[in-house]
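In case you want the letters, here they are:
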Amino acid sequence: GRMSLVPLPDALRAVASSPPQQPVAARDAATIVVVRDGDEGIEAYLMRRQTSMAFAAGMYVFPGGGLSASDVEHDVPWVGPDADAWGSHFRCDPQLAKGLVVAAVRETFEETGILLAGPDEDTVVSDTSAPEMQAARLALDAGKLSFAEFLTSRGLVLRADLLGAWAHWITPEFEPRRYDTRFFVAALPAGQRVGEMSRESDHAAWVPLSRVLAAVESGEAAMMPPTITACREVAAHTAATVVSASVGRDFPTVLPRLVL
């Protein structure tokens, strides 16, 4: 595989110097690089995690999070590529792959109000700012509502065709919290705007990827290697082409190692 050396962020130095004897099992997770076209080229929606968070504190991340049991078990109304297709993209079991797509779309809606769903295979929700939609974000986040229930009660279907498979990273073994994360790409649906910020982040914004990469280079912004890599790769595309660019994309599973 390809190898590149990246300096370890200061936040991880202390952790890396005394790794656990037995690596912690990595939890399945999904994240979406949501993009739109702006005046300075392609922009992504980035959130800075609260400095009090146990994982990636103070880092800029894409929306996303861990898989919940209901993401896998419930029958989610769905159009677009099926579980088998996603399983082959991410080299995993179709059931898990289905859960990852659901988790990616659910977490993104919870954290941002961006919803990759619509009444049918040709349309997408154009506005999520209504009070009942915003209330649903909180209920989903609190685990009081499953994504399947949310969609079904509103006569919506998850639009899996609006997502592309982009990357797969596993947290290094020295980390006390580990995630097995699949990265998706998607364009912001026409008409939708970002809602109130979730409690996990203290700052969020649409940022031109050219500016993000410059800020990381100069040390103004802190990002994990998977996030930086995704920004670099996605920056070569536009919001209109990024999902089609993911079709047939071949990406490795990356498990960073600590090299002294």
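What you see is a predicted model, and the numbers here were worked out from it, not measured in a lab.

Definitions and limits used
- By convention here, each chain's residues receive numbers from 1 onward along its written sequence.
- Per-residue local features are limited, in this predicted model, to residues with pLDDT of at least 70; the limit for side-chain atom pairs, both in listing and counting, is 80 or more; totals at the level of whole chains, interfaces and linings are taken over all residues.
- Excluding hydrogens and water, the side-chain figures rest on all heavy atoms present in the structure.
- Nonpolar cores are built from buried Ala, Val, Leu, Ile, Met, Phe, Trp, Tyr and Cys residues. Side-chain atoms within 4.5 Å join them into one set.
- Each residue is placed in one exposure class: buried if its accessible area under a 1.4 Å probe, protein chains only, is under 20% of its type's maximum, exposed if it is over 50%, and partly exposed if it falls in between.
- For the purposes of this entry, the term helix denotes a DSSP run of H or I that reaches at least four residues, the term strand denotes a run of E that reaches at least two, and both are numbered from the N terminus.
- The criterion for strand pairing is that DSSP finds at least two bridges linking the strands in question.
- Two residues qualify as a contact provided that any one of their heavy atoms is within 4.5 Å of a heavy atom in the partner residue.

Caption draft 1: Region of interest: the nonpolar core. Counting residues in hydrophobic clusters, the biggest one holds 42 residues, and the most contacted among them are Trp-86, Leu-115, Phe-147, Phe-150, Leu-158, Leu-163 and Phe-184. Secondary structure elements with two or more residues in this core: β1 (27-38), β2 (41-49), α3 (83-90), α4 (94-112), α5 (131-141), α6 (147-153), β9 (179-187) and β10 (201-208). Here this core takes nine residues from α4, the largest share from any one element. Counting residues in each nonpolar core, the second largest holds 27 residues, with Val-35, Ala-167, Phe-183 and Leu-209 among its members.

Caption draft 2: Here's a closer look at the sheet that holds strand β5 (residues 78-79). Taken together, three strands build an open sheet; the order of strands is β5-β7-β6 and the sheet is mixed. Each edge of the open sheet is held by one strand with a lone partner, namely β5 and β6 (117-118). Relative to strand β7 (residues 157-159), β5 runs parallel, the two sharing two bridges. Note that in β7 the partner of Val-79 across the bridge is Arg-159.

Caption draft 3: Summary view of the environment of Val-234. Tracing the chain through its elements places Val-234 in helix α8 (residues 225-234). Residues Val-234 and Val-185 lie 49 residues apart in sequence; the distance between their C-alpha atoms is 8.5 Å. In contact with Val-234, not counting residues within four places along its chain, are Val-33, Val-35, Ile-42, Trp-166, Val-185, Leu-209 and Val-242.

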